[in-house]
Amino acid sequence: MSSEAKEQIRSRLDIADVVGEVVALKSSGRGQLKGLCPFHSEKTPSFHVHQDKGFYYCFGCQAKGDIFDFVMQTQGVDFYSAMEYLGVRAGVEVTPSSPKDKKSRDLYEVNQVALEFYKAQRKNHAHAHNYLLERKLTEDSIDTFDLGFAPESWDAFLKYALQKGLAEHDLIAAGLIRQNDSGRSYDYFRNRIIFPIKDYLGRVVGFSGRVLDNSLPKYLNTAETDIFKKAELLYGLDTAKTQIRSSGECLIVEGYMDVIALHQTGFANAVAALGATLTPEQAMQLSRLDVQKLYLAFDADEAGQRAILGGLEQSVGRQFLVKAIRVPHGKDPADAVLEGHVEDFRAALNQGLSEVAFRFQSVLAKYDKSTLEGKKNILNDLLPALKPRDVFDPVALEMRRLVIDHLKVESNRLDEWLSSKRQRRIDDTQIKGMQRKSHSHSQVTVIELEVIALLLLEPGKLKDRLYYVEVSLPPEVDDSILREFHEICERSNYQEQAILLHYRERDEARILFERLFQQSEGDEYRIDIDDNIEKSLSRLRELYIDGEKENQRSHLLERMQEVSSYLTDPNLPTDKLQAYYRELKEINAMLSARDAERRMRVPASFSRQTKKKSSF
């Protein structure tokens, strides 16, 4: 094998481009890039690529090598096969220097010969090509996915392959022909539409054949081989990987037709799992592409969705934000989008049952969240999901939000527990300290009491300042403690001692008196009262606005649930059905905007926590 060919390949190809087909790489400075190692499981990138040197190294598992080593290690092929593959990419002809360099036909080459045969047969058999057109696929889609046809013959492919110089044992190894009891060889695929199955590099690793009628079995797949392992493959990933990497989202469906139809109608991040659910091996491929969100669009009712999520391996669900999507109109994804329900399908993607919510509800069902003991058990069970595993962990963020909303715990105390260096199960003392204070000690109430303390620091200016404070409050806020304070001041004729006597026996007394005495101790504690009042009022206005937004969000969620219940009515007229889907789409758009705002308001303690992790 020519060393010159090897050096030509090395000079023409950028190792980052080849590695980037497998690993989502990000710049780490000085001509280096990093990403998640393809050779071992990890959440923090330790795999580095040095472009100038054409070399890679993993600080986690010590995997290392050049562009040829990478292809051999990721594909499980010998050096000649790696040379052949890279030679095609670089436009360099690779020939074996001795017979021992290539003992038998490569399975990729055997499958490529088969693909050429099946594609030609599809073009030569009008009824097969028309079948695909009748299924509403376009010529572009048919060509993009290399769809073919196996004729109704026992040996048409076998004869073709033998004429191309392939040996029977190679065809048997590839799962393309079989032998009967008497030893006679015959074509495995007959009278079927052929879907070539490719790896993420676009190489054909196997085939699936679908009948043109309703006979059984509906689909036949080639048997697993050294290069065709269903648990490691995602149909359509070679076509979808660019969109998946750029969007950080992947849509997973059940069927090959679903993938093709979705790509044809604008959902270019769709792939199919070659099995009932997502495997850890498939999930690892998506992790390397920097996927954050997974949508499982399987044709199932809500019970089916729960079964899908329940069957999803915890390790897989922990890596992504996962939603099980209910396909609109009771169709499979291909029928839904090809029959004109593209917008309904797009709206359905914004709904669905969240895997994080499913996990949370499953734990919630085990304990009584109204008791301290129940809350403690819930938090301890959810600790693995709450603990961020990376700088940005969408699962941890969403689970944290659910915990705060449902368990009514203080977000800062929760974050302190999660960021503790000595991580351990929460105890009785900690769970008591996490409890969100009653309404009288809410964040709004505390700030209003601090404003009152500021006003009382200079009784001579109390009346003027109080007037300014009251006119600065939003007019729709009726139950403000500051408005009540104004009434108390009026009744007490603005006398400081009389005012304080009104608060002596009230729940707010501790906060008010602590703030008042802290701020009046000695000259060293002199503050700009007007400036602090202005800052507090600004924060109050922000909290009032946030509270109003949360009320709006609650109303939207209630309306979404109500509208969704209408869609289960099989007798619902088409015009009302379409109107409800439009309304759901609008609700989802508004909720998405509000959720974006919520994410932007992640507490500072949590932000500090993730920043600390990013410097590791």
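Further up the page is the structure itself.
Everything numeric here is computed off the predicted structure, so don't read it as measured data.

> I keep staring at the overall build of the chain and nothing clicks. Help me out?
Counting secondary structure elements, the chain contains 29 helices and 17 strands. Residues classed as buried in the chain amount to 46% of the 616 residues present. Residue pairs at least 24 apart in sequence account for 64% of intrachain contacts in the chain once pairs closer than 6 positions are excluded. Split by element, the accessible area of the chain, about 31000 Å² in all, is 48% carbon and sulfur.

> Is there a simple way to think about the sheet that holds strand E2 (residues 32–35) in this case?
For sheets, the rule is that strands pair by backbone hydrogen bonds, running either parallel or antiparallel. Taken in spatial order, the 5 strands make up an open sheet running E1-E2-E3-E4-E5, and their pairing is antiparallel. In this open sheet, the two edge strands, each paired with only one partner strand, are strand E1 (26–29) and strand E5 (64–65). As paired elements, E1 and E2 share 3 bridges and run antiparallel to each other. Looking at the pairing, glycine 29 lines up with glutamine 32 of E2.

> Sorry if this is basic, but what is going on with the packing of helix H19 (residues 394–407) against helix H20 (residues 411–418) here?
Between two packed helices, both the angle of their axes relative to each other and the distance between the axes serve to describe the pair. Running from N to C, H19 and H20 point in directions that differ by 135 degrees, and their axes come no closer than 10 Å. With respect to each other, H19 and H20 are oriented oblique. Relative to H20, the crossing made by H19 is right-handed. Contacts from Arg400, Val403 and Ile404 of H19 reach H20 at Ser411, Leu414 and Asp415. For the contact of H19 with H20, the class distribution of residues is 3 nonpolar, 1 polar and 2 charged.

> For this particular structure, what's the right way to read the nonpolar core?
Nonpolar side chains in soluble globular proteins generally cluster together in the buried interior. Among the nonpolar cores identified, the biggest contains 116 residues, and Tyr118, Tyr235, Leu251 and Ile252 are the most heavily contacted of them. Beyond its immediate stretch of four places on either side in the chain, isoleucine 252 contacts Val271, Ala273, Leu278, Leu286, Leu294, Tyr295, Leu296, Ala297 and Phe298. Among the nonpolar cores identified, the runner-up in size contains 30 residues, and Phe485, Ile488, Tyr503 and Leu540 belong to it.

> Mind showing me how you'd approach helix H17 (residues 355–364) here?
Residues three or four positions apart in an α-helix share a direction because the helix packs 3.6 residues into each turn. Among the 10 residues that make up H17, 7 are buried, leaving the element largely enclosed by the rest of the structure. Turning to H17, its buried residues are Glu355, Val356, Phe358, Arg359, Phe360, Val363 and Leu364. Capping the start of H17 is the job of one residue whose side-chain oxygen sits 3.2 Å from the backbone nitrogen of valine 356: serine 354.

> Hey, could you run me through the sheet that holds strand E16 (residues 321–324) in this one?
Reading across from one edge, E12-E14-E13-E15-E16-E17 is the order of the 6 strands in this open sheet, with mixed pairing throughout. Two strands bound the open sheet, and with one partner strand each, they are strand E12 (234–235) and strand E17 (353–354). Across 4 bridges, strand E15 (residues 293–296) lies against E16 in parallel orientation. Directly across from lysine 293, in E16, lies its bridge partner leucine 321.

> Please explain the pattern of salt bridges as it appears in this structure.
Close approach of charged atoms lets side chains of opposite charge pair. Under the counting rule described, the total for this entry stands at 22 salt bridges. In this structure, the salt-bridge partner of arginine 401 is glutamate 398, at a minimum N-O distance of 2.8 Å. Residue arginine 401 and its partner glutamate 398 are located together in helix H19, separated by 3 residues, close to a single helical turn. A salt bridge links aspartate 530 to arginine 465; the shortest N-O distance between them is 2.9 Å. Here arginine 465 lies in helix H23 (residues 462–472) and aspartate 530 lies in helix H27 (residues 529–566), a separation of 65 residues in the sequence. Among the residues examined, aspartate 530 registers a relative accessible area of 46% and is labelled partly exposed. Shared partners join several salt bridges into a network, and the residues in it are Glu458, Lys461, Arg465 and Asp530.

> Help me understand the environment of alanine 385 in this model?
By secondary structure assignment, the location of alanine 385 is in helix H18 (residues 372–386). On the accessibility criterion, alanine 385 (13% relative accessible area) is buried. Along the chain, alanine 385 and glutamine 319 lie 66 residues apart, while their C-alpha atoms are 9.8 Å from each other. If sequence neighbours within four positions are ignored, alanine 385 has contacts with Arg318, Val395, Ala396 and Met399.

> Is there a simple way to explain the side chain of serine 472 in this structure?
Along the chain, serine 472 turns up in helix H23. With a relative accessible area of 16%, serine 472 lands in the buried category. Those residues in contact with serine 472 that sit more than four places away from it in its chain are Leu537 and Arg541.

> How do you make sense of the pairing of strand E3 (residues 47–50) when you look at a structure like this?
Strand residues, when the strand is regular, have side chains that alternate between the two faces of the sheet. Residues of E3 alternate between two faces, with Phe47 and Val49 on one and His48 and His50 on the opposite face, all of them buried. Sheet analysis places E2 next to E3, joined by 4 bridges and oriented antiparallel. The residue bridging glutamine 32 from the neighbouring strand is histidine 50, located in E3. Pairing analysis gives 4 bridges linking E3 to strand E4 (residues 55–58), with the strands arranged antiparallel.

Conventions we followed
Residues numbered from 1 in each chain as written. Predicted model: local features only at pLDDT ≥ 70, side-chain atom pairs only at ≥ 80, totals over all residues. Heavy atoms only, no water. Helix = DSSP H or I, 4+ residues; strand = E, 2+ residues; numbered from the N terminus. Buried < 20%, exposed > 50% of the residue type's maximum accessible area, 1.4 Å probe, protein only. Contact = heavy atoms within 4.5 Å. Areas by Shrake-Rupley, 256 points an atom, 1.4 Å probe, with all protein chains shown as cover. Pairing = 2+ DSSP bridges. Axes fitted to C-alpha atoms, helices over the stretch in contact; angles between N-to-C directions. Parallel < 35°, antiparallel > 145°, perpendicular 65-115°, else oblique. Left-handed = near helix turned anticlockwise from the far one by under 90°. Nonpolar A, V, L, I, M, F, W, Y, C, P; charged D, E, K, R; others polar. Core = buried A, V, L, I, M, F, W, Y, C linked by side-chain atoms within 4.5 Å. Polar contact = N/O pair within 3.5 Å; in protein donor to acceptor, adjacent residues only side chain to side chain. Salt bridge = Lys/Arg side-chain N within 4 Å of Asp/Glu carboxyl O.

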